[in-house]
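Breakdown of the fold
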2 protein chains.
Amino acid sequence: MTNGRDDRIADGLPVTDAATATDIVDPGDVVLVSGFGGVGYPKRVPEELAQDDRDLSLTVISGGGVGGEIDDALVEADQMARRFPFQTRAVSRAAINAGDVAFHDRHISRFGDEVRLGDFGDPDVAIIEAVAAGKDWLIPSTSIGHTPSFVAAADRLIIEVNRQQPRVLEHIHDVYQRDLPPNREPIPIEGPVDRIGSAAVTFDGEKLAAVVETEHPDDPYDFREPNVVDTAIADNLRRFLEAEIGRNPTLQDAVNLQFGVGSLGNALMGELSEINFGDREVVYFGEVFQDGLLDAIDDGLLSGASAASLALSVEGQERLFEDIERYAEDIVLRPADVSNNPALIDQFGVVGVNSAVDVDLYGNANATHIGGTRMVNGIGGGGDFNRNCRLGIISVPSTASGGDISRIVPTVPHVDHTEHDHSVIVTEHGVADLRGLCPTERMDAIIDVAHPDFRADLRTYSDRALEGGGHVPMSTDSEFR
Amino acid sequence: MTNGRDDRIADGLPVTDAATATDIVDPGDVVLVSGFGGVGYPKRVPEELAQDDRDLSLTVISGGGVGGEIDDALVEADQMARRFPFQTRAVSRAAINAGDVAFHDRHISRFGDEVRLGDFGDPDVAIIEAVAAGKDWLIPSTSIGHTPSFVAAADRLIIEVNRQQPRVLEHIHDVYQRDLPPNREPIPIEGPVDRIGSAAVTFDGEKLAAVVETEHPDDPYDFREPNVVDTAIADNLRRFLEAEIGRNPTLQDAVNLQFGVGSLGNALMGELSEINFGDREVVYFGEVFQDGLLDAIDDGLLSGASAASLALSVEGQERLFEDIERYAEDIVLRPADVSNNPALIDQFGVVGVNSAVDVDLYGNANATHIGGTRMVNGIGGGGDFNRNCRLGIISVPSTASGGDISRIVPTVPHVDHTEHDHSVIVTEHGVADLRGLCPTERMDAIIDVAHPDFRADLRTYSDRALEGGGHVPMSTDSEFR
C-alpha cells in the first residue's frame, strides 16, 4: 500500500493494484459500478475480477451503459449472475437473452433510490472511476450517472483514479446529492443549466477500501453517419417543431430539448442547425451529451446543455478536453436522478425525442425487446422523458431489416411507453400528432406514417379491428400476430 | 339579470337562469366542467344543454368523474361528440364503446397543462360549480380537480353557485395555481398536508359570462360493503406493509399512503386501523378522499389527508359538513396537478395501492379496458402513483365473473402500467414482491398469487414460453390469447 503524491490522489489513501483490490469483493456480492452512456466506468478492477479464481456470481449494477471491461469480460468469465438495469454490449445482451444472466430494466430517474433501498440486494461494493480522490471525496470522470447514489449505498468503496481522463473534468460537474424520501426537498434548480452542487461526490471515509491507478481510456459508443432515413426523419421533425414553436405558448422564449441516445439521436442533434428557432434560447436538457451537441454549442445554436454523461466518440472527447474550461461555461454534468428528474423535465417543458423498436396503431411503443422477447439495451431514460416531457416525440424509421419488416405494427409485443405517455410519432414518411385523438383516429394517423409498402396490410388489420367494435378496436386474427 | 345579495354571490355578477346561460355555449364548443371523484360538478347548465334545440356536438372535458347530469344527459341527448379524459357512468361508457363518443384517457397529473395548451381543441367555455363567487374569484365546492387550469384555459366562464353545498367548504381548500412551463417553479410544499394556497380560484373577470344558482346535491359514488375477497386482500396487504415498515428506511418516521378510487380502495382505507404502524405518523396523500378515511381521521389513526376531491357517499358528506372546521385542520383539498404531482409523490415516498382489470405474468397491468377493447373509466391517476410512488402496489382480486375468469393472465390485452412502474402485486392469495426480479422470476412470483384453479394453466403457458427462450420468454400459442 502506497500513498498518493500529486493532485490526483490525496496523501494517506489505501492505494493498491487492481488484482489486490479484488480481495475487497466477495462471492455473491452486489457490485455497483460507475458509468453511463458507455463512459466513466471502472476498467481495471472489473478486468481482474473476470480473472478471479473464485466463483464470484456477482450482481452487477450500473447507472447506464458501460464498456466491455465489465459487460464482456465478466460475462465471458461467467462471473456475472445478475445485471441491472441497462447494458449495451453484444456479449451481455446474448447472455441475458440466453437466460444465463438475470436482468431487469428500470426507469433511470428512480433507479438510484431503488438501489439505495436495497431493491436489488444489499449493496456491498461500489467501484467508481474518478479523476481524483481524497479520503472522503472523489471527482467523477466522464459520467456522473448514479455515482452519488451508489457511493451512498455501498458498504465498501473502490476508486479507480484514471490518469488518462483529464483532472479538469471537475469544471463540468455539478454533483447534487438528494436525501431519501420522505424528507427530500424539491431540487432547487430554476433554469436547465443552473449549478447547485459541487465537483466532488463525498462519502463516509470509513468506506474507502482501495484506490487503484489506471490509464485506460473509455471505450465509448461509435456512432454511424446519418443515413437517408435519419435525414428524412430529421427533416420531418424540423418542420413539425417549427410549426409547433409558432403556436405553443410554452415555447415562445426558450426551447429545452432532449434527444435519446444512439445514432439516430446523434443524427437529430446534428441537424439542430437546420431548425429555425427564431430568437429563442435553445438548451439541451437530456441524459447524455453526444457529439452532435458539440457542433451546436460551437455554432452558438445551443446556449447550454445538461446531461449525466459525456457519451462522446474518442474524437469528441479529445475536442472537449482540449477546451474544457470554455465548454464548462455552457455544459453541466449532473447525477442521473437530476438529469432525468420528472419534476425538472416538466418544469422546463422539455421537448423530448426518443426512439423505439416498434410502435403500434394504438400509439404504444416497444423500446426494448425485439419480437417482445429479445432484450436490446433496456428502457433507460426513455420513460422519464416520454412521460414527463411537455411534448414527447417517438422517432422511428418506418421499417427494419432493410425494409422487410414494418416498425409500425398492429400491436407491439412489449409495451415500454403507453398510449398515455408521448404525444407524437415521427417516421421518414411523416408526423402523427396524436394529441386529442381517440383510438380510431390514432390508427388512421399512425397508418399514414407507416412505410407505403405496409399501409394496405395495416389498413386491413384496422378494418377488421373496427368490425369488432369497442373503444379500442382490436383484431386477434392470427395472421397479424 | 339580477345582482347577488348574500355571502354566496357578490354584487354585480351576471346572475341568470340555467336555460338562459346555455346561450353562452355554441355548437362545436370545447366545454370544460368542474368535477372529480363524482362530486363538485355543475348540474343545471349541463341539464339544460341536454335539452337544447341546437345540434351542439360538444367536446366535454372534466378533471375526473362527474355525475349523470353530464355523462348521462348529454350523451342521451346526443349532444356530446367528444369526451376526455375520465368518466364513470354506464351511459357514457356504452356510447364510448359503441364508437358514438370519441374518447381518450390521459394521466391526471399532466391533464391540466394539456388542456391549457389546447391539446383537445381551443377551450371555449368552463362551467364550474362553486359555493360562492365574486367578479374575479370563485370558491370550488366538493372537488377542486382541474378547476384552476380549466378556469385559466377557457375563454368564457359560467359559475353554478350551489346553495346545497356548504359555504364552509372554503376552510378545506388549498388552491395553488401553477404557471405554465418553462417558467414554473417547484411546488413549495414540504410536508404532505402543508397549505400553500388560498380558498379561491381567481380569474380574469372579463371571462365571467353567467352565474347560475342551484340547489342540486352531488350524485356521488355508492360504495359496496367489503366482501370476503376485499378483506383477504386487505389482510395480505397489512402483513406486507408491516414487514416493509420494519425494514424500509423511508418508512421509519412517517408513512404517506395513497389508495385508488373504488370499492376495493375504500375497503382498504377502512382496514387501515388493522395495520400496526407503531408510533409512525400516517398521512394520506392521494387523489380522492373516500368514506374509509373519515373513520381513520376520527380514530386518530391518520394525522392528515391531501386529495383533489371529497368523493364521499351522501352520509360521508353529511358527516364531514357537520364538523368541517375540525376536519379542515387535518384535510387539505388541492388541485389535481398538485395532489397527483410526480415530484410530490416521489418527495413524500408515497406507498400507493391501485387496482387493475388484469395483470400479466410479466408484471404489466391493464387498468382500463376489459378484453383490451371495452373502456371502463379511464387511467385516471393510477399512472401518476404507480410510476412515482416509492412503493407502487397493484391490488387485484385473482378472479372476475364469479371465479370464471382469471385476472392473472399470460399477457394483458392492454397495458396501462408497465413492468417498469409498480413494484408489488397483491391478491387474496398472496403478495408478489417483484423488486429485483428478472422476467422468469416474476412469472413464478405472479403465478403464486393467482387463483389456485388457474395456476396449472398459467404454469403451462410459462413452460411453453420458457421453451422459446429470450429475456422475456413469451408463447404465442393461440389457446392463451
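Conventions and cut-offs
- Along each chain, the written sequence defines residue order, and numbers are assigned to residues from 1.
- Throughout, the order in which chains and ligands are written sets their labels, letters from A for the former and numbers from 1 for the latter.
- For this predicted model, a pLDDT threshold of at least 70 governs which residues receive local features, and a threshold of 80 or more governs which side-chain atom pairs are given and counted, while totals over whole chains, interfaces and linings are taken from all residues.
- The side-chain figures draw on all heavy atoms in the structure; neither hydrogens nor water molecules are used.
- Helix numbers and strand numbers start at the N terminus; a helix is a DSSP run of H or I with at least 4 residues, a strand a run of E with at least 2.
- Radius of gyration here is computed from C-alpha atoms only, and the compact-globule reference equals 2.2 Å multiplied by the residue count raised to the power 0.38.
- The rule is simple: take the accessible area with a 1.4 Å probe, protein chains only, and divide by the maximum for that residue type; under 20% is buried, over 50% is exposed, in between is partly exposed.
- Here, two residues are considered to be in contact whenever any of their heavy atoms come within 4.5 Å of each other.
- With residues, only the protein chains shown are counted as cover, and all accessible areas are computed by Shrake-Rupley using a 1.4 Å probe.
- Charge assignment in this entry is limited to Lys and Arg as positive and Asp and Glu as negative, and neither His nor the chain termini are counted.
- Throughout, a charge is located at the NZ atom of Lys, the CZ atom of Arg, the CG atom of Asp or the CD atom of Glu.
- Here a pair means two rings of Phe, Tyr or Trp (six-membered ring of Trp) with centres within 6.5 Å. Their orientation is stacked below 30 degrees between planes, edge-to-face above 60, and tilted elsewhere.
- We call a charge positioned above a ring when the Lys NZ or Arg CZ atom is no farther than 6 Å from the ring centre and deviates by at most 35 degrees from the ring normal.
- Salt-bridge detection follows one rule: a side-chain nitrogen of Lys or Arg within 4 Å of a carboxyl oxygen of Asp or Glu.
- Residue ranges assigned to each domain were obtained from an automatic or database domain assignment.
- Buried area is understood as the total, over both parts, of accessible area removed when two parts are fitted together, assessed with a 1.4 Å probe.
- Any N or O atom pair separated by 3.5 Å or less is treated as a polar contact, with the protein-specific requirement of one donor-capable and one acceptor-capable atom, and with residues adjacent in sequence counted only for side-chain atom pairs.
- Three residue categories are used. Nonpolar comprises Ala, Val, Leu, Ile, Met, Phe, Trp, Tyr, Cys and Pro, charged comprises Asp, Glu, Lys and Arg, and polar comprises the others, including Gly.

1. Some thoughts on the overall build of chain A
Per the secondary structure count, chain A includes 17 helices and 25 strands. Its C-alpha atoms give chain A a radius of gyration of 23 Å, within 12% of the compact-globule value 23 Å for 481 residues. Structurally, chain A occupies a C-alpha span of about 75 × 50 × 45 Å along its principal axes. Counting only residues that meet the buried cut, chain A has 66% of its 481 residues in that class. When contacts within chain A are restricted to residue pairs at least 6 apart in sequence, long-range pairs at least 24 apart make up 73% of them. Split by element, the accessible area of chain A, about 15,400 Å² in all, is 43% carbon and sulfur. Computed over 38 positive and 83 negative side-chain charges, the separation of the two mean positions in chain A equals 3 Å.

2. Topic: the packing of aromatic side chains
Scanning the model with the defined rule gives 8 aromatic pairs over all chains in all. Ring geometry for F84(B) versus F120(B): centroids 4.7 Å apart, planes at 45 degrees, classification tilted. With F84(B) in strand β4 (residues 80-84) and F120(B) in the loop between α6 (108-116) and β6 (125-133), this pair connects stretches of sequence that are 36 residues apart. Taken individually, F84(B) and F120(B) each receive the classification buried, so the pair is uniform in this respect. Aromatic ring contacts, followed pair by pair, group F84(A), F111(A), F120(A) and F150(A) into a single cluster. One Lys or Arg, K43(B), reaches over the ring of Y41(B) and ends 4.4 Å from the middle of that ring. Above the plane of the ring of Y327(B) lies R326(B), whose end atom (NZ or CZ) is 4.6 Å from the centre.

3. Some thoughts on the pattern of salt bridges
Evaluated as defined, the whole model comprises 76 salt bridges over all chains. Here R163(B) ties to D6(B) by a salt bridge, and the two come within 2.5 Å at their closest N and O atoms. Of this pair, R163(B) sits in the loop between β8 (156-162) and β9 (201-202) while D6(B) sits in the segment before β1 (15-16), and the two are 157 residues apart along the sequence. Taking relative accessible area as the criterion, R163(B) reaches 25% and is therefore assigned partly exposed. Its salt-bridge partner being D174(B), residue R334(B) comes within 3.3 Å of it at the nearest N-O pair. Linking R334(B) in the loop between β14 (331-333) and α13 (336-339) with D174(B) in the loop between β8 and β9, this pair joins segments that are 160 residues apart in sequence. Each member of the pair R334(B) and D174(B) is classed as buried. Salt bridges here are not isolated pairs; linked through shared partners, they connect D119(A), E244(B), R247(B), R390(B), D433(B) and R435(B).

4. What to know about the domain arrangement of chain A
All names here are of chain A. We note that the domain assignment places domain 1 (15-214) and domain 2 (228-467) within chain A. Averaged C-alpha coordinates put domain 1 and domain 2 at centres separated by 27 Å. Each partner contributes residues to the interface: domain 1 has 43 residues there, and domain 2 has 45 residues. Summed over both partners, the interface of domain 1 with domain 2 comes to about 3,500 Å²; 63% of that surface belongs to carbon and sulfur atoms. Per-residue buried area on domain 1 facing domain 2 is highest for S109, I172 and P192; these three make up 19% of the total on that side. Counting every contact that joins domain 1 to domain 2 gives 1 salt bridge. Counting the contacts that link domain 1 with domain 2 gives 21 residue pairs in polar contact (both at pLDDT 80 or more). Ranked by residues supplied to the side of domain 1 that touches domain 2, first place goes to helix α5 (residues 90-97) with 3 residues. The residue makeup of the side of domain 1 that touches domain 2, split by class, is 19 nonpolar, 16 polar and 8 charged.

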